[in-house]
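One-letter residues, chain by chain:
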Amino acid sequence: AQTVTQSQPEMSVQEAETVTLSCTYDTSESDYYLFWYKQPPSRQMILVIRQEAYKQQNATENRFSVNFQKAAKSFSLKISDSQLGDAAMYFCAYRGRGAGNMLTFGGGTRLMVKP
Amino acid sequence: DAGITQSPRHKVTETGTPVTLRCHQTENHRYMYWYRQDPGHGLRLIHYSYGVKDTDKGEVSDGYSVSRSKTEDFLLTLESATSSQTSVYFCAISGTGAGEQYFGPGTRLTVT
């Protein structure tokens, strides 16, 4: 079974600065997807960014980018120019190629943004 | 935003009573999922469906059953609610292809 680990329960960043959230995963599959979801206080789960394992290029979405290290099974999220609205829980998630497109989530990292 | 609604949004019930949560989608997606979210555990999969009348168990399925009689509706039933089932429940949907899942707004269930 796949596992996803987020080793930082909480992180803090100054507004306009850059922060990196860590995620590691364990799998025996070679083809899979990785995701970062954001959960603000509203509780809504919002997809931030997606990475396909077969792509070597790291995904980017505006101020959000990832550092995907397949051999190390590492998938970190970098948030540049942090904004107050970035304060939220962030979840890393893994999806293999198996039946059901199921997601396995990490335990989450709470990001606080200081003005 | 994906068209996903959950009802009810909040519910308080007593131990031993049956509870049914409903997820409704307007996206005609094939896959639907039920997760629960508890502090320190992230989201854990309860059950999922890969088509009408096709369902399977997830990681934490004990005490839960599901049904899907129409593409747009996926029901989660707690046959006899227990305090350990106090949680926030999320429904999600996914089409084929890239496989990202889109989530509903969640239901907060409290079992007293």
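No experiment lies behind these values; they were computed from the predicted model shown.

A.B. asks: I'm lost on the overall build of chain B in this one. Help?
C.D. replies: In terms of regular secondary structure, chain B is built from zero helices and 11 strands. Moving toward the C terminus, one meets the helices and strands of chain B in the order β-β-β-β-β-β-β-β-β-β-β. Here the C-alpha atoms of chain B give a radius of gyration of 13 Å, agreeing with the 13 Å that 2.2 N^0.38 yields for 112 residues. Residues counted as buried form 49% of the 112 residues belonging to chain B. Sequence-distant contacts, at least 24 apart, represent 55% of the contacts inside chain B between residues at least 6 apart. Surface exposure of chain B reaches about 5,100 Å², of which carbon and sulfur atoms provide 46%.

A.B. asks: How should I be thinking about the pattern of salt bridges in this particular structure?
C.D. replies: If the charged atoms of two oppositely charged side chains come close together, the side chains can form a pair. Inspection of every chain in the model, using the stated rule, returns nine salt bridges over all chains. In this structure, the salt-bridge partner of D38 of chain B is R44 of chain B, at a minimum N-O distance of 3.0 Å. Each member of the pair, D38 of chain B as well as R44 of chain B, is classed as buried. Through salt bridges with shared partners, one network takes in R50, E52 and K55 of chain A together with E100 of chain B.

A.B. asks: Is there a simple way to think about the environment of G16 of chain B in this case?
C.D. replies: Residues and elements named next belong to chain B. You can see G16 is positioned in the loop between β2 (10-13) and β3 (19-25). Sequence separation between G16 and G95 is 79 residues; the distance between their C-alpha atoms is 36 Å. For G16, the contacting residues outside a window of four places in its chain are S80 and A81.

A.B. asks: Quick question: what am I supposed to make of the interface of chain A and chain B here?
C.D. replies: Where the parts come together, the accessible area they lose is often given as the size of the interface. Of the residues lining the interface, 19 residues belong to chain A; the matching set on chain B comes to 26 residues. Both faces combined, the contact of chain A with chain B buries some 1,800 Å², and carbon together with sulfur accounts for 51% of it. Ranking the residues of chain A by area buried against chain B places R43, N101 and F105 of chain A at the top, with a combined share of 32%. Remark: the boundary between chain A and chain B carries one salt bridge. As a salt-bridge pair, R50 of chain A and E100 of chain B come within 3.4 Å of each other at their nearest N and O atoms. At the junction of chain A and chain B, the tally comes to five residue pairs in polar contact (both at pLDDT 80 or more). Only β5 (33-39), β6 (46-52), β10 (88-95) and β11 (103-105) of chain A provide two or more residues apiece to the side of chain A that touches chain B. Element by element, the count of residues in the side of chain A that touches chain B is highest for β5 of chain A, at four residues. For the side of chain A that touches chain B, the class distribution of residues is 10 nonpolar, six polar and three charged.

A.B. asks: Help me understand the environment of P40 of chain A in this model?
C.D. replies: Residue and element names in this part refer to chain A. Looking at the element boundaries, P40 is found in the loop between β5 and β6. Accessibility expressed as a relative area gives 17% for P40, which makes it buried. Sequence separation between P40 and A59 is 19 residues; the distance between their C-alpha atoms is 22 Å.

A.B. asks: Looking at this structure, how should I read the nonpolar core?
C.D. replies: One recurring pattern in soluble globular proteins is that nonpolar side chains are buried together. Residue and element names in this part refer to chain A. Counting residues in hydrophobic clusters, the biggest one holds 25 residues, and the most contacted among them are Y25, W36, F75, L77 and Y90. Secondary structure elements with two or more residues in this core: β3 (19-21), β5, β6, β8 (64-69), β9 (74-79), β10 and β12 (109-114). With four residues, the top contributor of residues to this core is β10. Each residue touching Y25, except ones within four places of it in the same chain, is listed here: T3, V4, Y32, L34, F68, Q69, K70, K73, S74, F75 and Y94.

A.B. asks: What exactly am I supposed to notice about the state of the cysteines here?
C.D. replies: Cysteine pairs can be linked by a disulfide, which is a covalent bond between their two sulfur atoms. All names here are of chain A. For the structure shown, the criterion picks out two disulfides over all chains. Two residues share a disulfide in this structure: C23 and C92, whose sulfurs sit 2.0 Å from each other. As the torsion about the S-S bond is roughly -70 degrees, the C23-C92 disulfide counts as left-handed. Of this pair, C23 sits in the loop between β3 and β4 (24-26) while C92 is found in strand β10, placing the two residues 69 residues apart along the sequence.

A.B. asks: I keep staring at the sheet that holds strand β7 (residues 64-70) of chain B and nothing clicks. Help me out?
C.D. replies: Sheet strands pair via backbone hydrogen bonds, and the direction of the pair is either parallel or antiparallel. Residue and element names in this part refer to chain B. The four strands lie next to each other as β1-β3-β8-β7, forming an open sheet whose pairing is antiparallel. Unpaired on one side and paired on the other, β1 (4-7) and β7 mark the two borders of the sheet. Here the strands of the sheet are splayed against their neighbours by 20 degrees on average, with no regard to which way each runs. One ladder, built from six bridges, connects β3 with strand β8 (residues 73-78); its direction is antiparallel. Paired with T20 across the strands is T77, a residue of β8.

Scoring rules and cut-offs
Residues numbered from 1 in each chain as written. Chains lettered and ligands numbered in written order. Predicted model: local features only at pLDDT ≥ 70, side-chain atom pairs only at ≥ 80, totals over all residues. Heavy atoms only, no water. Helix = DSSP H or I, 4+ residues; strand = E, 2+ residues; numbered from the N terminus. Rg over C-alpha atoms; globule rule 2.2 N^0.38 Å. Buried < 20%, exposed > 50% of the residue type's maximum accessible area, 1.4 Å probe, protein only. Contact = heavy atoms within 4.5 Å. Areas by Shrake-Rupley, 256 points an atom, 1.4 Å probe, with all protein chains shown as cover. Salt bridge = Lys/Arg side-chain N within 4 Å of Asp/Glu carboxyl O. Buried area = accessible area lost by both parts, 1.4 Å probe. Polar contact = N/O pair within 3.5 Å; in protein donor to acceptor, adjacent residues only side chain to side chain. Nonpolar A, V, L, I, M, F, W, Y, C, P; charged D, E, K, R; others polar. Core = buried A, V, L, I, M, F, W, Y, C linked by side-chain atoms within 4.5 Å. Disulfide = S-S within 2.5 Å. Pairing = 2+ DSSP bridges. Axes fitted to C-alpha atoms, helices over the stretch in contact; angles between N-to-C directions.

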